[in-house]
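Single-letter residue listing:
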Amino acid sequence: MGKLLVLGTWAAAAATACQSETLTDQTPSADMALFREEAYPTLMRDCGFNACHGVPERFLIIFGPNRARIDPATHHDTAVQPLELEVTHERARSMLVTAGPVTGSLLLTKPLERSAGGVGHGGVDDFDRNVYQSVDDPGYVALLKWAQAAVA
């Protein structure tokens, strides 16, 4: 039953991605180009572990090599597929919704240490530290740069 729900979610995401392609120009938006070049590699490196956001059970799922794949027939180490990148992009963008500045979004506050303005996150390490210790962490800066472009 759980797999059917996940497959249904992926199918809906794929349909949405296909729909959006017919409604917009085929040229990738600036935020998508920045996502592909900076935010996606950061998410893969810092958040996409199989025990974290590299599995289908998470809303923010990071599809890609050695992580969850939309098409189970895709070999595990095949490069990220266009639909996988698009769905990962849309999931990450949805986590930018906030009433205030983008720095208050879940995508930027969940992985940030509480003492630096974060809101708490299950992804702490063995020393109870979050993914990013400060807003100066290079990974946080890469996500912030993309987030600011995505909401502009």
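Residues numbered from 1 in each chain as written. Predicted model: local features only at pLDDT ≥ 70, side-chain atom pairs only at ≥ 80, totals over all residues. Heavy atoms only, no water.

> Requested: an account of the packing of helix α2 (residues 30-46) against helix α5 (residues 138-151), with residues and values cited.
At a minimum axis distance of 9 Å, the contact between α2 and α5 shows a crossing angle of 150°. With respect to their mutual orientation, α2 and α5 come out roughly antiparallel. Viewed along their axes, α2 and α5 form a crossing whose handedness is left-handed. Counted together, D31, L34, F35, E38, A39, T42, L43, R45 and D46 of α2 and G139, A142, L143, K145, W146, A149 and A150 of α5 form the full contact between these two elements. (Axes fitted to C-alpha atoms, helices over the stretch in contact; angles between N-to-C directions. Helix = DSSP H or I, 4+ residues; strand = E, 2+ residues; numbered from the N terminus. Parallel < 35°, antiparallel > 145°, perpendicular 65-115°, else oblique. Left-handed = near helix turned anticlockwise from the far one by under 90°. Contact = heavy atoms within 4.5 Å.)

> Tell me about the environment of S94, and name the residues and values.
Of note, S94 is situated in helix α3 (residues 82-94). In sequence terms S94 and L106 are 12 residues apart; their C-alpha atoms lie 9.2 Å from each other. Within polar-contact distance, the side chain of S94 engages the backbone oxygen of R91 at 2.7 Å. (Polar contact = N/O pair within 3.5 Å; in protein donor to acceptor, adjacent residues only side chain to side chain.)

> Give me unusual backbone geometry: which residues, what numbers.
Most peptide bonds are trans, and most residues other than glycine sit at a negative phi. With a phi angle near 60°, N66 is a residue other than glycine that sits in the positive phi range. By relative accessible area, which is 40% here, N66 ends up partly exposed. (Buried < 20%, exposed > 50% of the residue type's maximum accessible area, 1.4 Å probe, protein only.)

> Which residues make up the confidence of the model for the protein, and what values go with them?
Here the protein averages 83 in pLDDT, while 81% of its residues score no lower than 70. Low confidence marks residues 1-27, where pLDDT is under 50. Its contacts with residues over four positions away, or in another chain, come to 12 contacts. (pLDDT = per-residue confidence, 0-100.)

> Could you give an account of the packing of α2 against α3, with specific residues and numbers?
Close contact between α2 and α3 brings their axes to 11 Å; oriented N to C, the two are set at 85°. When the axis of α2 is compared with that of α3, the two are roughly perpendicular. The segment α2 lies against α3, with D31, M32, F35, R36, Y40 and L43 engaging L85, E86, T88, H89, A92 and R93. Residues that form the contact of α2 with α3 fall into these classes: 6 nonpolar, 2 polar and 4 charged. (Nonpolar A, V, L, I, M, F, W, Y, C, P; charged D, E, K, R; others polar.)

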